[in-house]
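One letter stands for each residue in the lines below.
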Amino acid sequence: MQNVIEIKDLNIKFKNKKVFEKFNLTLKSKRFVTILGKNCSGKSSLAKAIVGLIPYNGEIIIDGVKLDDKSSEYLLKKVGVVFENPNQQFVCNTVYDELSYVLENLNYYQIDIDEKIEAVTTLLGIEELLNREIVTLSVGEQQLVALASAIIHQPSLLILDDALSMLDNYYKEIILKTIDILRKKGMTIIYLTSNSIDCIYGTDVVIINNGEIVLNKPLIKALKEEKAFITSGIEMPFIANISLKLGYYNLVDKIYLDEKGLVNAIWK
C-alpha cells in the first residue's frame, strides 16, 4: 500500500511559538485516519499546512509530489478539505453555483459538471438544495454542501478539520457513512478532531500532543494504549474504555466499539 502523504521535518512557527519542530508523519493510502489532539495541539495548523494555507519549513509530499509555492493547482485536483465553519469556504450564493465553481476552476466541460453535480448530490441526498441560497441552509445542510464541493472532483485525499464538531447526530451519521463509501472506493481520509468518540469510525488513530506524535496505530491497537490517551488529555471512547476495563477481569476478550456488542458479550 503506497503512501498518500509524507511529512518530513515539518517546522511551523507563529511569532515566537513553535507549533511543530522536525515533525514527521507518513500515512498510507485508502485509510481513514483520525488525528486526535486537544485544543492548541497543532491539528488545525497541520491541516492548513497540507493545503498550503500557512507557511512552513520542511517537506510535504502528496502522492509522490513534493509541494511548493507553485502547487496550488495540484492541490485543487488532489485534495479536498472541509473546515469546522463551512461559511468560510463558500464563494457563491446558491448550492448549484458553489458546486459548479469548483469544477469550472478545474476546466471541466458543462456536460461533465452537470453529471458530477447530480452524482454528488445524490450520494449525499441533497438534490433538493441545489437551487437554494447557501445562507438559508441549516448548519448541517451547509456542511453537507461543503463536503459535496470537497469531493465532487474525486480527490485522492480528503481532509476534515473538526468538520463534524457543529453537527447533530443525524448529519454526522450521513457524513460518516459517505466517508466510509469514499474510502472503500480508494479515497484517503484524514479527520482532525478533539472528539475521541469519532475515532471508532476510522481505520487508524494518530494522537498529537504539544506538536509531537504520541501514538500512531490501527484503531483497535490504538484503543489498547490507554496511557497515550490519558497523557494527551483525551478521553477514550466510552464503550471501548469500558470493554478494555472489563477485559482486565477476563469478562470480555476484545475491545468493543458499540454498546449492543458489549452488552451481548457480557450477557451471552
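So, a few notes on the structure that sits alongside this text. Computed from a predicted model, the values in this text were never measured in an experiment.

Turning our eyes to something else, we now look at the sheet that holds strand 9 (residues 204-209). In a beta sheet, neighbouring strands pair by backbone hydrogen bonds and run either parallel or antiparallel. In spatial order, the strands read 6-7-8-3-9-10; together these six strands make up an open sheet with mixed pairing. Across the chains shown, the open sheet's two edge strands, defined by having one partner strand only, are strand 6 (79-83) and strand 10 (212-218). Taken pair by pair, the neighbouring strands of this sheet meet at an average axis angle of 15°, ignoring direction. Bridge count for strand 7 (residues 157-161) against strand 8 (residues 188-193) is five bridges, and the pairing is parallel. Bridge assignment links aspartate 161 to a residue of strand 8, and that residue is leucine 192. Contacts from helix 6 (residues 169-184) reach strand 3 (32-36), strand 7 and strand 8, with the element oriented near 130° to strand 3.

Reading across from one edge, 2-1-4-5 is the order of the four strands in this open sheet, with antiparallel pairing throughout. Each end of this open sheet is capped by a strand with a single partner; those strands are strand 2 (17-28) and strand 5 (65-66). With two bridges connecting them, strand 4 (residues 57-62) and strand 5 associate as antiparallel partners. Opposite isoleucine 62, over in strand 5, you have valine 65 as the bridge partner. On top of the sheet, helix 1 (residues 43-50) reaches strand 1 (3-14), strand 2 and strand 4; it is set at about 115° to strand 1, its chief contact.

Bringing helix 9 (residues 238-248) into the picture now. Of the residues making up helix 9, those classed as buried are Ile239, Ala240, Ser243, Leu244 and Leu246. Projected down its long axis, helix 9 shows its buried positions confined to an angular sector of 165°, all on one face. Exposed side chains of helix 9 directed beyond 90 degrees from the buried face belong to Phe238 and Tyr248. Packed against the buried residues of helix 9 are helix 7 (219-223), helix 8 (226-231) and helix 10 (259-266). Trailing helix 9 by a residue or two, asparagine 250 shows a phi angle of about 60°, which is positive.

The rules behind the values
- Residues numbered from 1 in each chain as written.
- Predicted model: local features only at pLDDT ≥ 70, side-chain atom pairs only at ≥ 80, totals over all residues.
- Heavy atoms only, no water.
- Pairing = 2+ DSSP bridges.
- Helix = DSSP H or I, 4+ residues; strand = E, 2+ residues; numbered from the N terminus.
- Axes fitted to C-alpha atoms, helices over the stretch in contact; angles between N-to-C directions.
- Contact = heavy atoms within 4.5 Å.
- Buried < 20%, exposed > 50% of the residue type's maximum accessible area, 1.4 Å probe, protein only.
- Arc of directions from axis to C-beta.

Coordinates in, geometry out; function isn't part of it.
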